[in-house]
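Spelled out, the chains give:
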Amino acid sequence: MKMIYAIVRNDNEDDVVSQLTQHHYSVTRLSTTGGFLRKGNTTLMIGAEDEKVDEVISLIKQECGQHQKLTVNMPYISGTSMVNYATMPMHVEVGGATIFVVNVERYEKI
């Protein structure tokens, strides 16, 4: 058995969860925040048998297309010093998903 952690944008969360539940996968949602853009995202925890991992990843890929977004990373103050000085508009890749697959040593559903 594997545990799949999929970090997806909040924009894609509902579509991903809908696809996974339609295919009878149980999903646990955790609200998380990204580091670079400091935007909200969702970490999904999905348990799956070893032979189903590729199917789960395929379902996630269908709903999480990458695209470029123009953003201005405004400076912010942490304590008494400016932490981030970059204020020029820049293109960044958004969307997609970050996926981790780990072995599950033991699984019980009570």
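Anything mentioned here points back to the structure above.
Residues numbered from 1 in each chain as written. Predicted model: local features only at pLDDT ≥ 70, side-chain atom pairs only at ≥ 80, totals over all residues. Heavy atoms only, no water.

1. As for the sheet that holds strand β1 (residues 2-9)
Phase 1 of the analysis: Pairing in this open sheet of four strands is antiparallel, and the strands run β2-β3-β1-β8 from one edge to the other. At either margin of the open sheet sits one strand with a lone partner, and together these are β2 (27-33) and β8 (97-103). Geometrically, the sheet is characterised by an average inter-axis angle of 20° between neighbouring strands, direction not taken into account.
Phase 2 of the analysis: Pairing between β2 and strand β3 (residues 40-48): seven bridges, direction antiparallel. Paired with T28 across the strands is M45, a residue of β3.
Phase 3 of the analysis: Running over the sheet, helix α1 (residues 10-22) touches β1, β2 and β3 and is turned about 20° from β3. (Pairing = 2+ DSSP bridges. Helix = DSSP H or I, 4+ residues; strand = E, 2+ residues; numbered from the N terminus. Axes fitted to C-alpha atoms, helices over the stretch in contact; angles between N-to-C directions. Contact = heavy atoms within 4.5 Å.)

2. Here we look at the nonpolar core
Phase 1 of the analysis: With 16 residues, the main nonpolar core has L20, Y25, L44, I46, V56 and I60 as its most contacted residues.
Phase 2 of the analysis: Of all the secondary-structure elements, those providing two or more residues to this core are β1, α1, β3 and α2 (53-63).
Phase 3 of the analysis: Take this core: its biggest share by element is five residues, from α2.
Phase 4 of the analysis: Among all residues touching I46, those that are not within four sequence positions of it are K2, M3, I4, A6, L20, Y25, S26, V27, V56 and I60. (Core = buried A, V, L, I, M, F, W, Y, C linked by side-chain atoms within 4.5 Å. Buried < 20%, exposed > 50% of the residue type's maximum accessible area, 1.4 Å probe, protein only.)

3. Side note on the pattern of salt bridges
Phase 1 of the analysis: For the structure on display, the rule yields five salt bridges.
Phase 2 of the analysis: Its salt-bridge partner being R9, residue D11 comes within 2.4 Å of it at the nearest N-O pair.
Phase 3 of the analysis: Judged by its relative accessible area of 55%, D11 is exposed.
Phase 4 of the analysis: Across the salt bridge formed by E13 and R29, the nearest N and O atoms sit 2.6 Å from each other. (Salt bridge = Lys/Arg side-chain N within 4 Å of Asp/Glu carboxyl O.)

4. A short note on the pairing of β1
Phase 1 of the analysis: The pairing of β1 with β3 spans eight bridges and is antiparallel. The partner of M3 across the bridge, within β3, is G47.

5. Points about the side chain of N41
Phase 1 of the analysis: Along the polypeptide, N41 turns up in strand β3.
Phase 2 of the analysis: With a relative accessible area of 14%, N41 lands in the buried category.
Phase 3 of the analysis: If sequence neighbours within four positions are ignored, N41 has contacts with I7, V8, R9, N10, L30, S31, T32, T33 and G34.

6. As for the layout of surface pockets
Phase 1 of the analysis: For the second largest pocket, the calculated volume is near 200 Å³.
Phase 2 of the analysis: As for the second largest pocket, its lining consists of M1, M3, S26, V27, T28, M45, I46, G47, Y107 and K109.
Phase 3 of the analysis: Taken together, the elements giving at least two residues each to the lining of the second largest pocket come down to β2 and β3.
Phase 4 of the analysis: With three residues, β3 is the largest single contributor of residues to the lining of the second largest pocket.
Phase 5 of the analysis: Tallied by class, residues from the lining of the second largest pocket come to six nonpolar, three polar and one charged. (1 Å grid on protein atoms, 1.4 Å probe; cavity = no way out; pocket = protein on both sides within 12 Å on 5 of 7 lines; lining within 4 Å. Points joined across faces, edges and corners; volume = space filled by probe spheres on them. Nonpolar A, V, L, I, M, F, W, Y, C, P; charged D, E, K, R; others polar.)

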